[in-house]
Amino acid sequence: MAKIKFITVKGQGNLAQEPFYVGIPQHERSLSLREAYELCAEHTGYRATAVRAVFKALAEFVRSNQALGNITYIDGVASVRNYVRGAFEGLSGPWVKGVNLLVVNAVEMDPFKSLLAGMVPANNTEGAKPAINTVLDETTREYDVITGTDLFSIAGSDLAPDAEKDDEYVALVSKDGAETRAAIEFSDLQNVKARLGAALPAGEYTLKVYTRSGLGDEFGVHVATRKVAVA
């Protein structure tokens, strides 16, 4: 069974007589930089610190090369090019800081581009609906009771909040509506681990997970909830 999932959404083109649909991948989780370095080290045999040093050196090389207006080729992986974002008032500009922005963009190349060409993902169009099934305090091993700043595990479906996004997060909401965010330590579609920075007053709370379920920024944030107690 395919691990990769996607959903279909109606295309935005206005010229087609018949509606068409495009696929949007659903990402299982986001790896932190540390996890990415360690994964590369596992597959290459080098130390994670050496892998990190190589990526840092590559980033600096790309930065200096693009500043010269060049195209940087990373053999078999990508070509890095400069692009301009933002609209102009006319043919002669002017360039307005804050509106116009010079960015770098990587255009993938073979064989990197075709690594997944033979895989057939699973259509999850009807399933991208976040839900919380259980909440477990990993210290006390109690369900639906969170103690102090203990790490707690949220199990469910279509979770995967992206900790790098301001509007995707885990929070506890008190009866009077006060919302306290928890720090996410692990996040994938089936499980999220988080902990509070400081203990909350004991009582009943609503645990909320705000997430796009691993989909892109163009999708709205959905909220999965569950009643829990804080001890």
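Here we take up the packing of helix 1 (residues 33-44) against helix 2 (residues 48-67). Interaxial distance between helix 1 and helix 2 falls to 8 Å at its minimum, and their mutual angle equals 110°. Relative to helix 2, the element helix 1 is oriented roughly perpendicular. Considering the relative orientation of helix 1 and helix 2, their crossing is right-handed. From helix 1, Tyr-37, Glu-38, Cys-40, Ala-41 and Thr-44 reach across to helix 2, where they touch Ala-48, Val-51, Arg-52, Phe-55 and Lys-56. In terms of residue class, the contact of helix 1 with helix 2 is built from six nonpolar, one polar and three charged.

Of note, Arg-29 is situated in the loop between strand 2 (21-26) and helix 1. A residue is classified by how much of its surface remains accessible, and Arg-29, at 27% relative accessible area, is partly exposed. Residues Arg-29 and Tyr-83, 54 residues apart in the sequence, show an inter-C-alpha distance of 28 Å. With sequence-adjacent residues up to four places away left out, Arg-29 is seen in contact with Glu-35, Phe-186, Ser-187 and Asp-188. Polar contacts involving the side chain of Arg-29 include one to the side chain of Glu-35, which spans 2.8 Å.

Below, the discussion takes up the layout of surface pockets. Estimates place the volume of the largest pocket at around 460 Å³. As for the largest pocket, its lining consists of 23 residues, and the residues nearest its centre are Ser-30, Leu-31, Pro-161, Asp-162 and Ala-163. Where the lining of the largest pocket is concerned, the elements lending two or more residues are helix 1 and strand 11 (179-187). When its residues are assigned to classes, the lining of the largest pocket shows seven nonpolar, six polar and ten charged. Put simply, the second largest pocket is a space of about 280 Å³. In terms of lining, the second largest pocket is formed by Lys-3, Ile-4, His-27, Glu-28, Arg-29 and Leu-116. Looking at the lining of the second largest pocket, its residues break down into two nonpolar, one polar and three charged.

Take the nonpolar core next. Counting residues in each nonpolar core, the largest one holds 19 residues, and the members touching the most others are Ile-132, Phe-152, Ile-154, Val-170, Leu-172 and Leu-207. Not counting residues up to four positions away in its chain, the partners in contact with Val-170 are Phe-152, Ile-154, Pro-161, Thr-180, Arg-181, Ala-182, Ile-184, Val-192, Ala-194, Leu-207, Lys-208 and Val-209.

Strand order in the open sheet formed by eight strands is 7-9-12-11-10-13-14-8, with mixed pairing between adjacent strands. One side of each edge strand has no neighbouring strand; the edge strands of this open sheet are strand 7 (131-137) and strand 8 (145-146). Two strands pair when backbone bridges link them, and strand 10 (residues 169-173) and strand 11 are joined in this way by four bridges, in the antiparallel orientation. Bridge pairing in strand 11 links Ala-171 to Arg-181.

The peptide bond linking Gly-93 to Pro-94 adopts the cis configuration, its omega dihedral lying at 0°. Along the chain, Pro-94 falls in the loop between strand 4 (78-85) and strand 5 (101-108). At the junction of Asp-110 and Pro-111, the peptide bond is cis and its omega measures out at 5° in the coordinates.

It is worth spelling out the environment of Val-192 at this point. Tracing the chain through its elements places Val-192 in strand 12 (residues 191-196). With relative accessibility at 0%, the residue Val-192 sits in the buried group. In this structure the C-alpha to C-alpha distance between Val-192 and Ile-154, which are 38 residues apart in sequence, comes to 5.0 Å. With residues up to four places along the chain from it excluded, the contact list for Val-192 reads Phe-152, Ser-153, Ile-154, Leu-159, Ala-160, Pro-161, Val-170, Ile-184, Phe-186 and Ser-187.

Here we take up helix 1. The end-to-end C-alpha distance of helix 1 is 16 Å, a good match for the 16 Å that twelve residues give at a rise of 1.5 Å each. Of all the positions in helix 1, only Glu-35, Tyr-37 and Ala-41 are classed as buried. Each buried residue of helix 1 sits inside an arc of 160° when the element is viewed along its axis, so together they form one side. Within helix 1, the exposed residues directed more than 90 degrees away from the buried face are Glu-42 and His-43. Next to the buried residues of helix 1 lie helix 2.

What counts and what doesn't
- Residues numbered from 1 in each chain as written.
- Predicted model: local features only at pLDDT ≥ 70, side-chain atom pairs only at ≥ 80, totals over all residues.
- Heavy atoms only, no water.
- Axes fitted to C-alpha atoms, helices over the stretch in contact; angles between N-to-C directions.
- Helix = DSSP H or I, 4+ residues; strand = E, 2+ residues; numbered from the N terminus.
- Parallel < 35°, antiparallel > 145°, perpendicular 65-115°, else oblique.
- Left-handed = near helix turned anticlockwise from the far one by under 90°.
- Contact = heavy atoms within 4.5 Å.
- Nonpolar A, V, L, I, M, F, W, Y, C, P; charged D, E, K, R; others polar.
- Buried < 20%, exposed > 50% of the residue type's maximum accessible area, 1.4 Å probe, protein only.
- Polar contact = N/O pair within 3.5 Å; in protein donor to acceptor, adjacent residues only side chain to side chain.
- 1 Å grid on protein atoms, 1.4 Å probe; cavity = no way out; pocket = protein on both sides within 12 Å on 5 of 7 lines; lining within 4 Å.
- Points joined across faces, edges and corners; volume = space filled by probe spheres on them.
- Core = buried A, V, L, I, M, F, W, Y, C linked by side-chain atoms within 4.5 Å.
- Pairing = 2+ DSSP bridges.
- Expected span 1.5 Å × (residues − 1).
- Arc of directions from axis to C-beta.

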